[in-house]
Amino acid sequence: MRIAYFDCFSGASGDMILGSLVDVGLSAEALHRELSKLGLPNFDLDVKPVTRAGLSGSQAVITIPESEHHRRLSDILSIIQVSSLSDDVKGRSSAVFRRLAEAEAHVHRVDISEIHFHEVGALDAVIDVVGAVIGLKLLNIDEIHCSSLNVGSGFVKCAHGTLPVPAPATAELVKGKPVYAQGPSGELLTPTAAAILTTLAVNFGALPAMNIKSVGYGAGTAERETPNLLRLFVGERKKGQEGLALEEIAVLECTIDDMNPQIYEYLIETFLSRGARDVFLTPTVMKKSRPGTLLTVLCDPQSAAHFASDIMTETTSIGVRLRIDTRLKADRYLSLVETEYGPIRFKVAARDGTALNVSPEYEDCKRVAREQNLPLKEVMDRVRIAGYDMKIVALRSEEPEKHGGS
């Protein structure tokens, strides 16, 4: 399995993502050739070597002559859908813009159809989003991971005026993801990049276990004291028995019998938002036959000490048991499937390119149910049929298509 890991130590923007993909080995000519299928007139994509605070990388510079920058979601989706790009690139690119539009609509308290994208709706953002999806596909990336997101601090000027950093749309997009603010004041994570990464990445946290094959750097425009670069690792995950992925995982446990059980809900939400792989509770019987709870946290081995400290800070436990386990798991990714309600994301578990299990994304089904005033269970049942059809296609495919983790 080929893994891409975006290390956002200086945030990320759409052009930084494109630059990192080229710097790690993507052909700029192949990228431009695929982007030309959008049918955009006279656009130019130039990728040039630059240096940022002593580190070299690649900067993507997009030039598109246009007089009108304000576009609706329907305008952007139309550009993508009428293009000659492959269906999976269209689907993933559209999913990114839908997510971005949903965030803007939530922030401005309006219907998604009323959203004008302003800067992020300019055609260069279409190049950023579609180019990122194309690049990951051309690099044959199976799964995308991302570090915690450095969002920046201070204020930023945009079409809506002067806004706090992270910008409201960015803040909405990164809900539930691990974020922090470090380094110079300013916007480090743009809404476009936030939409790309939170739509396509399957996990946010430490660098996953893999054999690193190449490392690239995508450069931002601004010169800062710290390197204004997005680092991209591309590598291979080892395979274990029967084509399943083999990885190490830290298991932290403690038994608790003297804490208000209302706190457990907060613990689960908090630890998951900080990058834990899983958190679960098991009823147990402790000394003197007192009922207790076994708290188990699964995380990357590199994060074990961090989560052990969190457990002792957030609970009444004064100690944590730790062991490193090895687990076998199926390849996992999100795939966009066309249904009677439009594109719906599906969680797919696969082995050697063959689908083992498919499940519709709950949030997408919930959105459809609300938009069309339908029972949620009916939507989930009907879109699951499309997922089963997709599974059959995957089983019959002799050369399964690579997925970019979306």
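If you're wondering where the values come from, they're calculated on a predicted model, not measured in any experiment.

Colleague: Got a minute to help me understand the packing of aromatic side chains in this structure?
Modeller: A ring pair, where both rings are aromatic, is described by two values, the distance of the centres and the angle of the planes. Scanning the entire structure with this criterion turns up two aromatic pairs. Pairing Phe271 with Phe307 gives two aromatic rings, centres 6.1 Å apart and planes at 85°, and the pair type is edge-to-face. Of this pair, Phe271 sits in helix 8 (residues 263-273) while Phe307 sits in helix 9 (residues 304-314); the two residues are 36 residues apart in sequence, bridging distant segments of the chain. Per residue, the accessibility class of Phe271 equals that of Phe307, and both read buried.

Colleague: Would you mind showing me how to read the nonpolar core here?
Modeller: Of all hydrophobic cores here, the largest spans 62 residues; its most connected members are Phe6, Ile17, Leu35, Leu38, Phe97, Ile127 and Val130. With 10 residues, helix 5 (residues 123-138) is the single largest residue contributor to this core. Excluding its chain neighbours within four sequence positions, the residues that come into contact with Leu35 are Phe43, Leu45, Ile127, Val130, Gly131 and Ile134. Ranked by size, the runner-up nonpolar core spans 17 residues in total, among them Ala250, Ile256, Tyr264 and Val297.

Colleague: Would you explain the confidence of the model for the protein chain in this entry?
Modeller: Atom-level detail of predicted coordinates should not be read off regions where pLDDT is low. Of all residues in the protein chain, 91% attain a pLDDT of 70 or more, and the chain-wide mean is 87. Here helix 11 (residues 376-396) stands out as the least confident element of the protein chain, with mean pLDDT 73; helix 1 (residues 14-23) is the most confident, with 97.

Colleague: Please clarify how the pattern of salt bridges should be interpreted in this entry.
Modeller: It is possible for side chains of opposite charge to pair when their charged atoms get near one another. Applying the stated criterion to the full structure yields 19 salt bridges. Between Arg2 and Glu236 there is a salt bridge, and its shortest N-O distance comes to 3.6 Å. Linking Arg2 in strand 1 (residues 2-7) with Glu236 in strand 13 (residues 229-236), this pair joins segments that are 234 residues apart in sequence. Take Glu236: its relative accessible area is 24%, and that puts it in the partly exposed class.

Quick notes on the rules
- The written sequence of each chain sets the order in which its residues are numbered from 1.
- pLDDT decides what is reported in this predicted model: residues at 70 or higher carry local features, side-chain atom pairs at 80 or more are listed and counted, and totals for whole chains, interfaces and linings draw on all residues regardless.
- Excluding hydrogens and water, the side-chain values take into account all heavy atoms of the structure.
- Centres within 6.5 Å are what make two rings of Phe, Tyr or Trp a pair, Trp counting through its six-membered ring; a difference in plane orientation under 30 degrees is then read as stacked, over 60 as edge-to-face, and the rest as tilted.
- Secondary structure follows DSSP: runs of H or I at least 4 residues long count as helices, runs of E at least 2 residues long count as strands, and numbering of each begins at the N terminus.
- Per-residue accessibility, obtained with a 1.4 Å probe over protein chains only, is compared with the maximum for each type, and a residue is labelled buried under 20%, exposed over 50%, and partly exposed between these values.
- Only buried residues count toward a nonpolar core, which is a set of Ala, Val, Leu, Ile, Met, Phe, Trp, Tyr and Cys residues joined through side-chain atoms within 4.5 Å.
- The contact criterion used throughout is that any non-hydrogen atoms of two residues lie within 4.5 Å.
- Note: pLDDT gives the predictor's confidence per residue, expressed from 0 to 100.
- For salt bridges, the criterion is a side-chain nitrogen of Lys or Arg within 4 Å of an Asp or Glu carboxyl oxygen.

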